[in-house]
Amino acid sequence: QSRPGPTGSEAVVWLILSGRLAPSDKLANSAVARRDDNAGPSMSRNVCFFLYDQTNFLTLGCILEALSVLDRVRPPDKLPSYDVTLASHAGGRIGGAYGVCVDTVPIGAVGEGSCETFIICGGWGFETALGNPDLVRCVAEEGRVARRLCAVGGGVFLAAAAGLLDGRHVAAHPSVARQLAER
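About the cut-offs
- Residues numbered from 1 in each chain as written.
- Predicted model: local features only at pLDDT ≥ 70, side-chain atom pairs only at ≥ 80, totals over all residues.
- Heavy atoms only, no water.
- Phe/Tyr/Trp six-rings, centres within 6.5 Å; stacked < 30°, edge-to-face > 60°.
- Helix = DSSP H or I, 4+ residues; strand = E, 2+ residues; numbered from the N terminus.
- Salt bridge = Lys/Arg side-chain N within 4 Å of Asp/Glu carboxyl O.
- Buried < 20%, exposed > 50% of the residue type's maximum accessible area, 1.4 Å probe, protein only.
- Lys, Arg positive; Asp, Glu negative; His and termini not counted.
- Polar contact = N/O pair within 3.5 Å; in protein donor to acceptor, adjacent residues only side chain to side chain.
- Contact = heavy atoms within 4.5 Å.
- Expected span 1.5 Å × (residues − 1).
- Pairing = 2+ DSSP bridges.
- Axes fitted to C-alpha atoms, helices over the stretch in contact; angles between N-to-C directions.

A few points about the packing of aromatic side chains
In the structure shown here, the tally under the stated rule is two aromatic pairs. Ring geometry for F126 versus F157: centroids 4.9 Å apart, planes at 20 degrees, classification stacked. Highlighted residues: F126 in helix α4 (residues 126-130) and F157 in helix α6 (residues 155-161), separated in sequence by 31 residues.

Put into structure tokens, the structure is as follows:
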């Protein structure tokens, strides 16, 4: 007997995250799409968020909330769907707006290739982050070995500086498209 899924906007997120994609979809061969809900406990997928000072925590929170939807609709006897790591260049506390902080691990401690999905967060501090060549190098190293790459807001500029967008089409807001193309 199948259990009912969510409805409305939650259904769209649920369909994507639960792997219920059409066979013709580009993601049909990914680990997400191959998951079988009746196969017992499944492995958690590793997602690593890369943060820097003045990261936009609203974006971080929205993505984390979207990832959590799958665990809310699955039976509770399964492992969490995602093993989330918050990482930064040197590890430690990363500050956002109004003094809000999160603790991170150093990106070098994450382990090469252990992040299936590498998400470079956006935020007002991206220009300062771009001024740190070692930080950009770390982003390049992790981004090259990750199975999936996502960059949001100012994180797109870090991905570009790291060479991760070379030869790719990138969607950008018109107000920053020219600046991004120049990088």
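A short note on unusual backbone geometry
Positive phi, normally seen in glycine, also occurs at Q54, with a value near 70 degrees. Within the element layout of this structure, Q54 appears in the loop between β1 (45-50) and α3 (57-73).

A few points about the pattern of salt bridges
Evaluated as defined, the whole model comprises four salt bridges. Measuring nitrogen to oxygen at the nearest pair gives 2.6 Å for the salt bridge that ties E141 to R137. With E141 and R137 both in helix α5 (residues 133-145) and four residues apart, this pair spans about one turn of that helix. Salt bridges sharing common partners tie together D134, R137 and E141.

A look at the side chain of E116
Within the secondary structure, E116 is located in the loop between β4 (101-106) and β5 (117-120). No salt bridge is formed by the buried E116; the nearest opposite charge belongs to R148, separated by 4.5 Å. Here the side chain of E116 touches N46 through a polar contact of 2.8 Å, landing on its backbone nitrogen. Among all residues touching E116, those that are not within four sequence positions of it are S44, R45, N46, A146, R147 and R148.

Brief notes about α3
The periodicity of an α-helix, 3.6 residues per turn, causes residues three or four places apart in sequence to face the same way. Under the 1.5 Å per step criterion, the end-to-end length of α3 is 25 Å for 17 residues, consistent within 8% with the ideal 24 Å. Three or more residues of α3 are buried, namely F57, T59, L60, I63, L67, S68, V69, L70 and V73. Between a side-chain oxygen at the N-terminus of α3 and the backbone nitrogen of L58 the separation is 2.9 Å; the capping residue is N56.

So, the sheet that holds strand β6 (residues 148-151)
With mixed pairing, the six strands of this open sheet are ordered in space as β3-β4-β2-β1-β5-β6. Two strands in the sheet have a free side with no partner beyond their single neighbour: β3 (92-95) and β6. When the angles between neighbouring strand axes are averaged without regard to direction, this sheet yields 40 degrees. Relative to the sheet, α3 contacts β1, β2 (82-88), β3, β4 and β5, its axis offset from that of β1 by approximately 175 degrees. This element, α5, spans β1, β5 and β6 of the sheet and lies at about 150 degrees to β5.

What about the pairing of β1?
Most of β1 is tucked away, with five of its six residues classed as buried. Summarising the sheet, β1 and β2 pair through six bridges and their orientation is parallel. Bridge pairing links F49 to L86 in β2. The pairing of β1 with β5 spans four bridges and is parallel. Opposite F50, over in β5, you have I120 as the bridge partner.

Observations concerning the side chain of T104
Tracing the backbone through its elements, the reader meets T104 in strand β4. At 2.6 Å, the side chain of T104 forms a polar contact with the side chain of S88. Within polar-contact distance, the side chain of T104 engages the backbone oxygen of G92 at 2.7 Å. Those residues in contact with T104, other than ones at most four positions away along the chain, are L51, L86, A87, S88, G91, G92 and I94.

That is the geometry; function is a separate question.
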